[in-house]
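Understanding the architecture of this molecule
Here are the chains, one letter per residue:
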Amino acid sequence: MITFTLCLLALIVGYFTYGRLMERVFGPDDRKTPALTKADGVDYIPLPTWKIFMIQFLNIAGLGPIFGAIMGAKFGSSSYLWIVLGSIFAGAVHDYFAGMLSLRHEGESLPEIIGRYLGLTTKQIMRGFTVILMILVGSVFVAGPAGLLAKLTPESLDATFWIIVVFAYYILATLLPVDKIIGKIYPLFAIALLFMAVGILVMLYVNHPALPELWDGLQNTNPEASELPIFPIMFVSIACGAISGFHATQSPLMARCMTSERHGRPVFYGAMITEGIVALIWAAAATYFFHENGMEESNASVIVDAITKEWLGTIGGVLAILGVIAAPITSGDTAFRSARLIVADFLGLEQKSMRRRLYICIPMFVAAIGLLLYSLRDANGFNMIWRYFAWANQTLAVFTLWAITVYLAVSKKPYVITLIPALFMTSVCSTYICIAPEGLGLSHAISYYIGVGCVVVAIVWFFVWLSKQKTRKLSE
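All of these numbers come straight from a predicted model, not from anything done at the bench.

Position of Ala-92 among the secondary structure elements: in helix α5 (residues 78-104). Measuring from C-alpha to C-alpha, the distance between Ala-92 and Trp-282 comes to 19 Å, with 190 residues separating the pair along the chain.

For the rest of this paragraph, the subject is the packing of helix α1 (residues 2-26) against helix α12 (residues 264-293). It is at 10 Å that the axes of α1 and α12 come closest, and there the two elements cross at 165°. It follows from the interaxial angle that α1 and α12 lie roughly antiparallel. Handedness of the α1/α12 crossing: right-handed. Within the contact of α1 with α12, the residues separate by chemical class into 16 nonpolar, four polar and three charged.

What follows is about the confidence of the model for the chain. When pLDDT is averaged along the chain, the result is 84, and 93% of the positions lie at 70 or above. Across the chain, the secondary-structure element scoring lowest on mean pLDDT is helix α13 (residues 300-347), at 75, and the one scoring highest is α1, at 96.

Between its terminal C-alpha atoms α1 stretches 35 Å, which fits the 36 Å expected from 25 residues at 1.5 Å a residue. Considering bend angle alone, the principal kink of α1 is centred on Gly-14 and spans about 40°. In the stretch just after α1, Gly-27 is the one whose phi turns positive, near 80°.

Moving on to the pattern of salt bridges. For the coordinates displayed, the defined rule picks out eleven salt bridges. Its salt-bridge partner being Asp-43, residue Arg-340 comes within 3.1 Å of it at the nearest N-O pair. Separated by 297 residues along the polypeptide, Arg-340 in helix α13 and Asp-43 in the loop between α2 (34-37) and α3 (49-60) bring together distant segments of the chain. Like Arg-340, the residue Asp-43 is buried in the burial classification. The closest approach of N and O atoms between Lys-123 and Glu-112, which form a salt bridge, is 3.8 Å. Note that Lys-123 is positioned in helix α7 (residues 120-152) and Glu-112 in helix α6 (residues 110-118), a separation of eleven residues in sequence. Each of the two residues, Lys-123 as well as Glu-112, counts as buried.

Thresholds applied
- Residues numbered from 1 in each chain as written.
- Predicted model: local features only at pLDDT ≥ 70, side-chain atom pairs only at ≥ 80, totals over all residues.
- Heavy atoms only, no water.
- Helix = DSSP H or I, 4+ residues; strand = E, 2+ residues; numbered from the N terminus.
- Axes fitted to C-alpha atoms, helices over the stretch in contact; angles between N-to-C directions.
- Parallel < 35°, antiparallel > 145°, perpendicular 65-115°, else oblique.
- Left-handed = near helix turned anticlockwise from the far one by under 90°.
- Nonpolar A, V, L, I, M, F, W, Y, C, P; charged D, E, K, R; others polar.
- pLDDT = per-residue confidence, 0-100.
- Expected span 1.5 Å × (residues − 1).
- Bend = angle between axes of the 7 residues up to and from the residue.
- Salt bridge = Lys/Arg side-chain N within 4 Å of Asp/Glu carboxyl O.
- Buried < 20%, exposed > 50% of the residue type's maximum accessible area, 1.4 Å probe, protein only.

Take a look at the structure:
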C-alpha cells in the first residue's frame, strides 16, 4: 500500500506542479473563444466550467481506465509506474495541448490540428484514420456496458436488448445539440463514476490488501509473460489510464463550449489526472482480486462485479457498476459525435440542419452496426476489435504528440516536453504491431529492432526538419 499511496499523491502533486508548468508554456490569454464567436446552438454552446470538466472526464473515461487497468495489473507494480508517469508527463500534456490548440484555432477537430502542423497529406490520412477509430470506439463501447446492464436486470432483458437501447441512445446523443442530452445527464453519470472510485479507494485502505511494492522488483507477473512482455503489451493494455489518442478527439468538443482559455488546465489536464487516479484505484483493486482468486480470470466485467459487491455491498455495488457502465456509454456517444464533426469539417457541411447531420450519421451508424454484428457473431470478435482499437488509439496519440512537438518548436517553446513522449510512444506502437498476434507476429528480438529503428528515423526526421526551419528563417 505504500507504493500505491505514493503513486496517488504523485498524481495529485503532478496536477498542481507539472500541470501549471504546461499552462505557462502554452500561455492562455483572454481572447474570445469559439463558444462565443461561433455559437450555433448545436456544437458551439457556452457551458459552465464545472459541467465541461464533468463532460470531458466522462468523454475520456471509457472502458480503458477500468478494464485496461485491470488487465494491466497482471503485469505487476510496473503498471502503477506507467499510470503515474504516463498520466503526468504524457497523457495529460497530450490532452491539454490538443484541447488548447483546438481552442486557439476556432474549435478545429483533431485531424485539422494535426494537418496544420504535419502537413496536408498527414491531415488526409488522419481524417480517415480518426473516423475509423471513432467508429471502433462506438462499437466496442456497446457490448461491455450492455453485458453489465444485463446482469442487473431480469433475464428477459438480455445483452441484446441493452445493446439496442445503448445504440439508440448513441444515435440521439450524436444528432441532438450538445446541451440537450450530454450537458444534462453527464454530471449525474460523473457523480456515479466518482462515487465508485472513491468507494473502492476507501475500501482499499479499510481492507489494506497486500499490494506489490516497487522495491519488490518490476518483474512481469503475468501468467503469459513469455508471450506478453511488459514492453510493449502493457503500454497498450493500459491506454486511457496513461495516454490515449482518443482523448485528443474529445478535447475539441469541449473546446467549443469553453468561455475562457484559462479554464484549460482544470478541464483538459485535470480530467486526465482524474482518469489516472481512477485507473490506479482499479489496478490496485484488481491486484487484490488476482491475489485472492488467481490470474486466470480475463473478463474484466466479472472482476468489477465481484469487487464492487464484496467491498460496497449490494446497493453500493449497483451504484458502482452503474458508474462503470456510464463511462463507456458516455465515451461511445461522443465518439460518434466527434466522427460527425470531423466529416463535417472535411466536407464543409454546416451542422445546424438535422438533415445535414443525418447525411453524415446514417453511413457511420451502418458501419458501426456491421462491426457490432461481427463482434457478436464471432466468439473472438470483440477481443479482436478491441485489440485493433487499442493499437489505433495509441497510434493516434503518436501523431498528436508529434503535431504538438512541431507546434512547440515553431513557437520557440520547450518542445522536449512532448518530443520524449512522442519518441517513446512511437517505439511502443511500432513494436506492438510487429510483436502482436493480430499484427505481424514477429519474434520479440526482431520487433524490438524495428521499434528502435522507427525511433531513430523519427529523431532524424525531426531534427532535419528543425534544421531546415532554422535555415529558412536565417535566409529570410
